[in-house]
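Structural overview
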Amino acid sequence: MSYKDGMLRDGALEDKVILVTGGGTGLGKSMAAYFLSLGAKVVISSRKNAVLEEAAKELSEATKGEVLPLACDIRDMDQVQNMLEEAVRHFGRVDIVVNNAAANFISPTERLSANAFHTILDIVLKGTANMTLAAGKYWIDGGMPGVFLNIVTTYAFTGSGYVVPSAAAKAGVLAMTRSLAVEWAKYKIRSNAIAPGPFPTEGAWTRLLPGDLAAKFDPANKVPLGRVGEHQELANLAAYLVSDFSAYMTGEIITIDGGEWLKGAGQFNGFDAVPKPLWDQMEASRGKK
Ligand code: COA
């Protein structure tokens, strides 16, 4: 067994209906695939119908599970409401929402137009708020329990240059995760988040690290564990957090990044670069040798 294998037992998500925003590509699609293989019924949504249809076909063929593709721009509350209603009509209910859809521009902030800044805030923060409000009201009005899993990022804690709208929006999603974990616990609605470090996806990596940038700034070099993430290990964590096995967990933000963000934070972590002879010299100079 390895981290590339599925972790939960067969049927762990049997009969759960899970809506994954941004589920047609990247990490959203990988999570959807694993949820399906554990017995869930899955709604995948994004703006692009053709991409969704293709993904739904591929996912259902690979897992024999039931997948419903629903096009939706999460910036638009009416579209979000309609999507949720359509999902409930189709599957009878929705039990779990994974707020995964995101957008990002990597750019010096002073080069961004106000519209560019707002576009990222609208998708990441307002889109998540729209989906959260729609699903939360649906669960509360129906007297049903519910689960939110929000995909944030480690720079939601620290901030990060060159992705400022995304950092600001994800920090808002992080605050929403913890706030609603408490406020909506009385309705049996749980709210957790995952903060992934570098997990290669075609969309994010070609956009964020175009051309030879990926080679110049190989993200694996910044990870103490020396590698980037495998989609299955994120899917394992996501499946656990949406399953009943995590019934006592809420308001938690789990980092899965091989130690990447702490490496940047620890004052002396750069001392990895100190060669052995220099350590020997320092030891000798304090009189131990
Ligand atoms: N860098 C900086 N600004 C950019 C940009 C970029 N790469 N791409 C677009 N913009 C600006 C546009 O110029 C526009 O601003 P303006 O009106 O002042 O000129 C503004 O952002 C909105 O652009 P537009 O193309 O109209 O937005 P859209 O709503 O059609 O699509 C996205 C925006 C983010 C949804 C689209 O770029 C996209 O699909 N991105 C990929 C998804 C993604 O980023 N996934 C996340 C991976 S982490």
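That block above? That's the structure.
Position numbers for residues start from 1 in each chain and track the written sequence from start to end. In keeping with the predicted nature of the model, local features appear solely for residues at pLDDT of at least 70, side-chain atom pairs appear and are counted solely at 80 or more, and the whole-chain, interface and lining totals rest on all residues. Heavy atoms from the whole structure form the basis of all side-chain values; hydrogens and water molecules are not counted.

1. Brief notes about the site of the ligand
If you check the shell around the ligand, you find 14 residues, and the closest are Arg47, Arg75, Asn104, Ser113 and Asn115. In protein, a polar contact means a hydrogen-donor-capable atom and an acceptor-capable atom, both N or O and within 3.5 Å, with residues adjacent in sequence counting only if both atoms are side-chain atoms; elsewhere, any N or O pair within 3.5 Å suffices. Arginine 75 places a side-chain nitrogen or oxygen 2.8 Å from an oxygen atom of the ligand. The backbone of asparagine 104 places a nitrogen or oxygen atom 3.1 Å from an oxygen atom of the ligand. For the ligand, the protein covers 55% of the area, taking 950 Å² as the surface of the free molecule. Among the secondary structure elements, those contributing two or more residues to the shell around the ligand are helix H4 (114-142) and helix H7 (202-208). Strands here mean DSSP runs of E at least two residues long; helices mean DSSP runs of H or I at least four residues long; both are numbered from the N terminus. Of the residues forming the shell around the ligand, the biggest block, four residues, is contributed by H4. Any residue with a non-hydrogen atom lying within 4 Å of a molecule or strand is treated as near it. The method behind every accessible area is Shrake-Rupley, applied with a 1.4 Å probe, and residues are considered shielded solely by the protein chains displayed.

2. Notes on the side chain of threonine 21
When you line up the elements, threonine 21 lands in strand S1 (residues 17-21). Between buried and exposed lies partly exposed: a residue is buried under 20% and exposed over 50% of the maximum accessible area for its type, with that area taken using a 1.4 Å probe on protein chains only. Overall, threonine 21 belongs to the buried group, its relative accessible area being 1%. At a separation of 2.9 Å, a polar atom in the side chain of threonine 21 contacts the main-chain amide nitrogen of asparagine 100. Sequence-distant contacts of threonine 21, that is, excluding residues within four places in its chain, are made with Ser45, Ile74, Val98, Asn99, Asn100, Ala101 and Met131. Residue contacts are defined here by distance: any two heavy atoms, one from each residue, within 4.5 Å place the two residues in contact.

3. Digging into the pairing of strand S4 (residues 96-99)
Going residue by residue along S4, you find Ile96 and Val98 tucked away on one face and Val97 and Asn99 tucked away on the opposite face as well. If DSSP finds at least two bridges between two strands, the strands pair. Pairing analysis gives four bridges linking S4 to strand S5 (residues 146-151), with the strands arranged parallel. Looking at S5, one finds that valine 97 is bridged to phenylalanine 148. For the crossover that starts at S4, traverses H4 and ends in the parallel S5, the hand is right-handed. Here, the term right-handed applies to a crossover whose path from the first strand over the helix to the second runs clockwise when the strands point away from the viewer.

4. Points about the nonpolar core
In a soluble, globular protein the nonpolar side chains are often hidden away together inside. Side-chain atoms within 4.5 Å link the members of a nonpolar core, which is a set of buried Ala, Val, Leu, Ile, Met, Phe, Trp, Tyr and Cys residues. Counting 36 residues, the largest nonpolar core has Ile18, Phe35, Val42, Ile44, Val98, Ile194 and Val242 as its most contacted members. Elements represented by at least two residues in this core include exactly S1, helix H1 (26-37), strand S2 (41-46), helix H2 (49-63), S4, S5 and helix H9 (231-242). Considering every element that reaches this core, the biggest residue donor is H9, with seven residues. For isoleucine 44, the residues in contact, after removing those within four places along its chain, are Val20, Gly23, Gly24, Ala32, Leu52, Ala55, Ala56, Leu59, Val67, Leu68, Pro69 and Leu70.

5. Some words on the packing of H1 against H2
Lines are fitted to the C-alpha atoms to define the axes, a helix being fitted only along its stretch in contact, and any angle between axes, read from their N-to-C directions, falls within 0 to 180 degrees. It is at 9 Å that the axes of H1 and H2 come closest, and there the two elements cross at 35°. Note that H1 runs across H2; the crossing there is right-handed. Within the contact between the two elements, H1 uses Lys29, Ala32, Ala33, Leu36 and Ser37 and H2 uses Ala55, Glu58, Leu59 and Thr63. Only Asp, Glu, Lys and Arg are considered charged, only Ala, Val, Leu, Ile, Met, Phe, Trp, Tyr, Cys and Pro nonpolar, and every remaining residue, Gly among them, polar. Grouping the amino acids of the contact of H1 with H2 by side-chain chemistry returns five nonpolar, two polar and two charged. Crossing handedness: left-handed means the near helix sits turned counterclockwise from the far one by under a right angle, and right-handed means the same turn made clockwise.

6. Considerations on unusual backbone geometry
With the exception of glycine, most residues fall at negative phi, and the peptide bonds are largely trans. The backbone phi angle of aspartate 15 is positive, close to 70°, even though this residue is not glycine. Position of aspartate 15 among the secondary structure elements: in the segment before S1. With phi around 65°, lysine 64 is a residue other than glycine that occupies positive phi space. Within the secondary structure, lysine 64 is located in the loop between H2 and strand S3 (67-71). Overall, the relative accessible area of 72% leaves lysine 64 in the exposed class.

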